[in-house]
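Residue-level structure breakdown
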Amino acid sequence: MNTNWTHPLEGQSVGKAFISYLVPSVLGMLVVAFNFIIDGIMVGHKLGSTAMAGIGIASPVYTLFVAMSLWIGMGGATLYSNAMGRKDITSAKQIFTKSIMLIMLVTVAIGYVAFTFKDKLVYSLGANAETFPFASDYMNIMLLFGFVFTIENALSIFVRNDGNPNTSMYAQITFAVANIIINYITLYVLEWGVRGVALGTIVSASLALLVLFTHFFKKTNNLTFTRFKWNNKLLASLLLIGFPSFLAELGMSVFSVSHNISMDRIAGTDGVASFTVLNYIHGVVLLAFLGLASAAQPLISYYHGANQIIRVQQTIRLATKTALACGLLLLVVVQIGAPYFVQIFGNFSSGVTDNAVYGLRIFTFAYVFMGVNFVMSTYFQSVGNAKMAIWITAAREMIIMIALIAVLPSFFGVTGVWLAVPLSEMLVLATIALYYRKRSLTDRVHALQS
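Structural notes, computed from the coordinates. Because the structure is a prediction, the values reported are computed rather than measured. (Residues numbered from 1 in each chain as written. Predicted model: local features only at pLDDT ≥ 70, side-chain atom pairs only at ≥ 80, totals over all residues. Heavy atoms only, no water.)

**Thoughts on a nonpolar patch on the surface**
On the surface, V177, I181, Y184, I185, Y188, V189, L190 and W192 cluster together to form a nonpolar patch covering roughly 750 Å² of accessible area. For V189, the position within the fold is in helix 6 (residues 165-189). (Patch = residues over 30% accessible without salt bridge, like charges linked within 9 Å, V, L, I, M, F, W, Y side chains within 5 Å. Areas by Shrake-Rupley, 256 points an atom, 1.4 Å probe, with all protein chains shown as cover. Salt bridge = Lys/Arg side-chain N within 4 Å of Asp/Glu carboxyl O. Helix = DSSP H or I, 4+ residues; strand = E, 2+ residues; numbered from the N terminus.)

Take a look at the structure:
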């Protein structure tokens with residue numbers, strides 16, 4: 001154990017440290033989100049709404065790979081920062097090595113096994129005769145080569161937690177810019193269709209990975225591969241702490257599949273296309289909130305490992321206030337700009353356009369609650385309260401949302417589909433408030449008894 005080593009966070013105020021992580025984290029995520037928007041615009045204008053619907057149907061596969069990288073990456077990075085907070089650098093390096101090896105092995109295995117059942121998988125995700133060819137083309141590439149993206153995503157988390165959020169941001173910018181250029185070439189020059197879009201994602205992730213490798217040549221780098229023995233207790237801790245991040249991304253697959261199936265049943269292909277447009281815009285917001293939570297996570301994990309409780313509390317207050325302000329701003333912006341946001345994806349039929357605008361104006365109320373839920377889940381995850389973090393994630397993206405999307409359309413039709421997420425986010429935030437109220441009462445009782 002190296003007790004003479006000093007982490008950069010030790011010399012900064014909480015506010016300054018939070019901003020130093022917030023700006024590159026959110027900016028990097030917004031650049032990636034901008035890439036997704038440009039992606040959607042190019043696909044919509046070049047290939048039309050059916051191709052967009054096909055990509056939307058296959059997108060849960062992409063989301064699953066992200067989920068795996070976050071599960072192991074966030075779990076490992078949290079333990080890594082906790083160890084750095086304790087100044088146990090040897091353990092930190094072993095955690096890093098185990099995490100990267102694990103993510104590579106797991107995602108390669110999943111991708112190649114799923115590829116053998118590809119056609120059945122495409123139909124089970126909600127494809128019909130129209131959308132199957134597009135969804136299948138996208139899925140072929142992602143299943144075979146998605147492990148490149150998972151390694152890049154996990155390494156980005158570790159680089160940020162190693163005190164280098166700027167390099168993570170540069171990697172995200174590289175990914176986004178490269179993806180836009182490559183997709184333009186594959187769509188408009190080579191005319192490779194949806195297959196080219198998937199290929200662009202893999203090539204861009206490879207370039208971003210090269211940017212992340214530059215961190216290993218910095219003097220401040222602590223991410224080095226080292227010998228280790230598999231420790232079942234450590235592996236269990238890594239998987240438990242990272243599980244909420246896995247659930248969060250897996251929940252996006254549940255979100256996409258449940259909405260695709262509901263829209264296909266109620267409004268057909270046009271309904272799926274309108275949801276896909278909303279999902280592109282929603283993806284921007286999710287990445288912004290993820291950037292916010294990602295800025296808080298290294299700080300909370302390190303301060304918790306160093307037993308600096310006051311700094312943990314200051315960080316969570318800053319993050320929740322920022323999330324609430326962003327949610328309210330997004331509510332106003334989307335209410336005003338919904339028609340313009342939808343139009344930039346292409347000249348669709350009035351059925352697609354009108355439903356997408358209507359859905360956005362209802363759906364955007366979720367953002368008032370969503371950002372705070374993101375931050376609170378990250379907080380509980382970072383301090384080792386996996387049970388509460390899992391509840392928040394599972395409830396908002398699976399348990400409550402699925403119950404609402406199963407029931408509400410029977411009474412309100414398409415409106416019920418759009419209402420499911422806002423109501424789910426609101427109810428989950430209420431459970432967080434009840435948890436804190438109960439814990440506060442328990443603390444008072446214990447104080448009186450002592």
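**Digging into the environment of K118**
Among the structural elements, K118 can be located in helix 4 (residues 118-124). Overall, K118 belongs to the buried group, its relative accessible area being 11%. Once residues lying within four places of it in the same chain are set aside, the contact partners of K118 are S136, M139 and N140. (Buried < 20%, exposed > 50% of the residue type's maximum accessible area, 1.4 Å probe, protein only. Contact = heavy atoms within 4.5 Å.)

**Quick notes on the packing of helix 9 (residues 309-343) against helix 10 (residues 350-363)**
Contact pair helix 9 / helix 10: the axes reach a minimum separation of 9 Å and the direction vectors enclose 155°. Between helix 9 and helix 10, the crossing angle belongs to the class labelled roughly antiparallel. Between helix 9 and helix 10 the crossing geometry is right-handed. Between helix 9, through V334, Q335, I336, A338, P339 and V342, and helix 10, the contact on the second element is made entirely by T353, A356, V357, L360 and R361. (Axes fitted to C-alpha atoms, helices over the stretch in contact; angles between N-to-C directions. Parallel < 35°, antiparallel > 145°, perpendicular 65-115°, else oblique. Left-handed = near helix turned anticlockwise from the far one by under 90°.)

**What to know about helix 10**
With 14 residues, helix 10 should reach 20 Å at 1.5 Å per residue; the first-to-last C-alpha distance of 19 Å fits that figure. Within helix 10 the residues assigned to the buried category are V352, T353, N355, A356, V357, G359, L360, I362 and F363. (Expected span 1.5 Å × (residues − 1).)

**Details of the side chain of S245**
For S245, the position within the fold is in helix 8 (residues 232-305). Taking the relative accessible area as the measure of exposure, S245 reaches 9% and is therefore buried. Setting aside anything within four residues of it in sequence, one finds S245 in contact with L70, W71, M74 and Q381.

**Re the nonpolar core**
F18, Y80, Y138, Y303, F345, M370 and M376 are the most contacted members of the largest nonpolar core, which has 142 residues in total. With 27 residues, the single largest contributor to this core is helix 8. Filtering out sequence-adjacent residues up to four positions away, Y80 remains in contact with A92, I95, F96, F158, N161, D162, N222 and L223. (Core = buried A, V, L, I, M, F, W, Y, C linked by side-chain atoms within 4.5 Å.)

**Re the layout of surface pockets**
If you roll a probe as big as a water molecule over the atoms, it shows you where there is empty space left. Size it by volume and the largest pocket reaches roughly 430 Å³. In terms of lining residues, the largest pocket is bounded by 21 residues, among which L30, V284, V285, A288 and L330 are the most central. Listed by contribution, the elements that provide at least two residues to the lining of the largest pocket are helix 1 (14-47), helix 8 and helix 9. At 7 residues, the largest contribution of residues to the lining of the largest pocket is made by helix 9. (1 Å grid on protein atoms, 1.4 Å probe; cavity = no way out; pocket = protein on both sides within 12 Å on 5 of 7 lines; lining within 4 Å. Points joined across faces, edges and corners; volume = space filled by probe spheres on them.)

**Remarks on the environment of A356**
Position of A356 relative to the elements: it lies in helix 10. Overall, the relative accessible area of 0% leaves A356 in the buried class. Remark: the alpha-carbon pair of A356 and F380, spanning 24 residues in sequence, is separated by 35 Å. Not counting residues within four places of it along the chain, the set of residues in contact with A356 comprises S274, V277 and V342.

**Looking at helix 7 (residues 194-213)**
In an α-helix, one full turn covers 3.6 residues, which means residues spaced three or four apart are oriented alike. For helix 7, with 20 residues, the first-to-last C-alpha span of 30 Å sits near the 28 Å given by 1.5 Å per residue. Where helix 7 is buried, its residues contact helix 1, helix 2 (49-85), helix 5 (132-161) and helix 6.

**Notes on the pattern of salt bridges**
Scanning the entire structure with this criterion turns up 5 salt bridges. Residue R195 pairs with D137 through a salt bridge whose shortest N-O separation is 3.1 Å. Here R195 is found in helix 7, whereas its partner D137 is found in helix 5, with 58 residues between them in sequence. The exposure class of D137 is partly exposed, given its relative accessible area of 21%. Its salt-bridge partner being R396, residue E397 comes within 3.3 Å of it at the nearest N-O pair. Here R396 falls in the buried class, since its relative accessible area comes to 5%.

**Quick look at empty space enclosed by the protein**
Evaluation of the coordinates by the stated rule reveals 3 cavities of 30 Å³ or more. Listing elements by their share of the lining of the largest cavity, those giving two or more residues are helix 1, helix 2, helix 5, helix 6, helix 7, helix 8, helix 11 (367-382) and helix 12 (386-412). Tallying contributions element by element places helix 8 first for the lining of the largest cavity, with 16 residues. Here the lining of the largest cavity is built from residues that sort into 22 nonpolar, 21 polar and 6 charged. By volume, the second largest cavity amounts to about 70 Å³. Lining the second largest cavity, in full, are G251, M252, F255, H282, L286, M370, R396, E397, M401, V421 and E425. (Nonpolar A, V, L, I, M, F, W, Y, C, P; charged D, E, K, R; others polar.)

Shape is all these values report; function is a separate question.
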